[in-house]
Amino acid sequence: MNDLIRITGLEVECIVGVYPHERDVPQRLRVDLELEAPTEVAALHERLRDTVDYASIAGQVAFLLESCRFRLLETAAHALALLLLAPPAAGERRAPIERARITLTKPRALGGRAVPSITITRDAQWAKVLHETKGFGTVDVLHETREAGIYRLNIAPGRGIPLHVHRVMRESEMIVGDGLLCQGRPVAPGTVFRWPHDAPHRYDNPTERWQTVLCVDAPRFDPADEIEVDAPLAEVAPEPAWQRPPEAP
């Protein structure tokens, strides 16, 4: 038996559109979500990990839209559906989402004369995710377009992603789990890093749980552009995170 969780009125800045004036300047999008998920166990035990953490979901949705470049609202909506309906990541503790209804509204597209939007509804069986095995753990390939790729990097206990740089891809990453080290320092869930070209960075998982990083590469991931280096760690300040209070034991 599934229940309905709504997140409405989320506003983000996103590059979306096919016209030249839309390709470089972000514009405001409104996001409305209806998520079907079981909540009875959460109601019984009062544990956040047994339901859908709407703060975490809102943060991931905002991160994805702000990090990608879409040509159509349709593409953005389908990318969000894959993110939401894929099984929870190895380092993510939440209830699975069985069905999602996503509405994206582009309020400024028609100069105030009208407001266009799109609504799609998909269920979990629709969401097909490619899984790849890596030396640090696994990668979930959520969605790839001509201009970007959306991935979940799942880092196994005691492993890490070696120090590396990118010379072509622009890489944005959001920390999903609690306990990961970035550049040797603890980072809170929801923390976002955007790595400039040639900025050496690494992740380590000293915990006994899997940890996950949500990653957007633009253009899509190219193995030849994952270049391991021996260099000082880059000093890159994180963006303000979508913070949530720590869960009680």
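Residues numbered from 1 in each chain as written. Predicted model: local features only at pLDDT ≥ 70, side-chain atom pairs only at ≥ 80, totals over all residues. Heavy atoms only, no water.

Caption draft 1: Summary view of the pairing of strand β10 (residues 170–175). Burial of β10 is extensive: five of the six residues sit out of reach of the surface. As paired strands, β10 and strand β15 (residues 211–218) are joined by six bridges and run antiparallel to one another. For Ile 175, the partnering residue across the bridge sits in β15 and is Val 213. The sheet contact formed by β10 and strand β13 (residues 192–195) spans four bridges and is antiparallel. Note that in β13 the partner of Ser 172 across the bridge is Arg 194. (Buried < 20%, exposed > 50% of the residue type's maximum accessible area, 1.4 Å probe, protein only. Helix = DSSP H or I, 4+ residues; strand = E, 2+ residues; numbered from the N terminus. Pairing = 2+ DSSP bridges.)

Caption draft 2: Up close: unusual backbone geometry. Residue Pro 219 follows Ala 218 across a cis peptide bond; omega there is 0°. Mapped onto the secondary structure, Pro 219 falls in the loop between β15 and β16 (227–228). Even without glycine at this site, Asp 198 takes up a positive phi of about 65°. The topology assignment puts Asp 198 in the loop between β13 and β14 (201–204).

Caption draft 3: Structural detail: the confidence of the model for the protein chain. For the protein chain, the mean per-residue pLDDT works out to 92, and 96% of the residues sit at or above 70. Low confidence marks residues 243–249, where pLDDT is under 50. Its contacts with residues over four positions away, or in another chain, come to nine contacts. (pLDDT = per-residue confidence, 0-100. Contact = heavy atoms within 4.5 Å.)

Caption draft 4: Expanded view of the sheet that holds strand β1 (residues 3–16). Taking strand neighbours across the sheet as the criterion, the five strands line up as β3-β1-β2-β4-β5 in an open arrangement whose pairing is mixed. At either margin of the open sheet sits one strand with a lone partner, and together these are β3 (69–70) and β5 (117–123). Taken together, the seven bridges between strand β2 (residues 27–37) and strand β4 (residues 99–105) define a ladder with antiparallel strand orientation. What sits directly across from Val 31, in β4, is Leu 104. With respect to the sheet, helix α2 (residues 54–67) is in contact with β1, β2 and β3, its orientation differing from that of β1 by roughly 25°. Along the sheet face, helix α3 (residues 73–85) touches β1, β2, β3, β4 and β5 and points at about 30° away from the line of β5. (Axes fitted to C-alpha atoms, helices over the stretch in contact; angles between N-to-C directions.)

Caption draft 5: Seen up close, the sheet that holds β10. Pairing is antiparallel in the open sheet, where six strands are placed in the order β6-β7-β8-β15-β10-β13. Where the open sheet ends on each side, the last strands, each with one partner, are β6 (130–134) and β13. Neighbour-to-neighbour, the strand axes of the sheet open up by a mean angle of 25°, direction not taken into account. Where strand β7 (residues 137–144) meets strand β8 (residues 149–155), seven bridges bridge the pair, whose relative direction is antiparallel. Of the residues in β8, the one forming a bridge with His 143 is Ile 150.

Caption draft 6: Region of the structure containing the packing of α2 against α3. Running from amino to carboxyl end, α2 crosses α3 at an angle of 140°, the nearest separation of the two axes being 11 Å. The element α2 and its partner α3 pack so that their crossing is right-handed. Residues Ile 57, Gln 60, Val 61, Leu 64 and Leu 65 of α2 form the contact with α3, whose own contacting residues are Ala 76, Ala 79, Leu 80, Leu 83 and Leu 84. (Left-handed = near helix turned anticlockwise from the far one by under 90°.)

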